[in-house]
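Architecture and fold: a report
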Amino acid sequence: MTLTPHDFQRHDLDTLKVANYRALLNMETGAGKTVTGVLSHVESGSSVTLIIAPDQTHASAWKPTLEKVGVDARVIGNGNKA
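Helix and strand counts for the protein stand at three helices and zero strands. The secondary structure elements of the protein, listed N-terminal to C-terminal, are α-α-α. Relative to the globule expectation of 12 Å for 82 residues, the C-alpha radius of gyration of the protein, 13 Å, shows essentially globular dimensions. Principal axes of the C-alpha set define a box for the protein whose edges measure 35 × 25 × 25 Å. Restricting the contact set of the protein to residue pairs at least 6 apart, pairs at least 24 apart contribute 50%. If you sum the accessible surface of the protein, you get close to 6,200 Å²; carbon and sulfur atoms cover 53% of it.

Written as C-alpha cells, this is what we have:
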C-alpha cells in the first residue's frame, strides 16, 4: 500500500529533502506528522530512522502507518522519564 501526501505535506517533504532529511518535524495536531515522517523515511532511502514520539502514538499511529508502506517498526524505551 502507498501513502499519498496532501499538497502541504508534499511541500514539507520537499523541504526535508533539501535539508537531506535532517530536521525536526514540527506540525500542528492533525496536520499529518506521521504520514510526513513515514514518507520522509521512505523517500530518503534510509535503512534506519529514529522517531521520537509520545507513547500513546506508538501503537495508534506510527507502527500502523509504517507497516502500510512495508517498514518494520519497533518501539524502544519504556516511557519512564527517569
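Having seen the structure, we can now continue with the description.
This part takes up the pattern of salt bridges. Throughout the structure, instances matching the rule amount to two salt bridges. The residue D14 makes a salt bridge to R10 at a minimum N-O spacing of 3.4 Å. Pair noted here: D14 and R10 are both in helix α1 (residues 7–18), with a separation of four residues, about one helical turn. Given a relative accessible area of 39%, D14 falls into the partly exposed group. One salt bridge in this structure joins R10 and E43, with 2.8 Å as the shortest N-O distance. Remark: E43 occurs in helix α2 (residues 33–44) and R10 occurs in helix α1; sequence separation between them is 33 residues. A cluster of three or more residues bridged by salt bridges with shared partners is formed by R10, D14 and E43.

Positioned with a positive phi, N20 is a non-glycine residue whose angle comes to about 60°. Although it is not a glycine, Y21 adopts a positive phi angle of roughly 60°. Within the element layout of this structure, Y21 appears in the loop between α1 and α2.

Next up on the list: the side chain of S40. Counting through the fold element by element, S40 comes out in helix α2. Engagement of the side chain of S40 in a polar contact is seen with the backbone oxygen of G37, the distance being 2.7 Å. Discounting chain neighbours no more than four positions away, the residues touching S40 are L13, L16 and Y21.

What counts and what doesn't
Residues numbered from 1 in each chain as written. Predicted model: local features only at pLDDT ≥ 70, side-chain atom pairs only at ≥ 80, totals over all residues. Heavy atoms only, no water. Helix = DSSP H or I, 4+ residues; strand = E, 2+ residues; numbered from the N terminus. Rg over C-alpha atoms; globule rule 2.2 N^0.38 Å. Contact = heavy atoms within 4.5 Å. Areas by Shrake-Rupley, 256 points an atom, 1.4 Å probe, with all protein chains shown as cover. Salt bridge = Lys/Arg side-chain N within 4 Å of Asp/Glu carboxyl O. Buried < 20%, exposed > 50% of the residue type's maximum accessible area, 1.4 Å probe, protein only. Polar contact = N/O pair within 3.5 Å; in protein donor to acceptor, adjacent residues only side chain to side chain.

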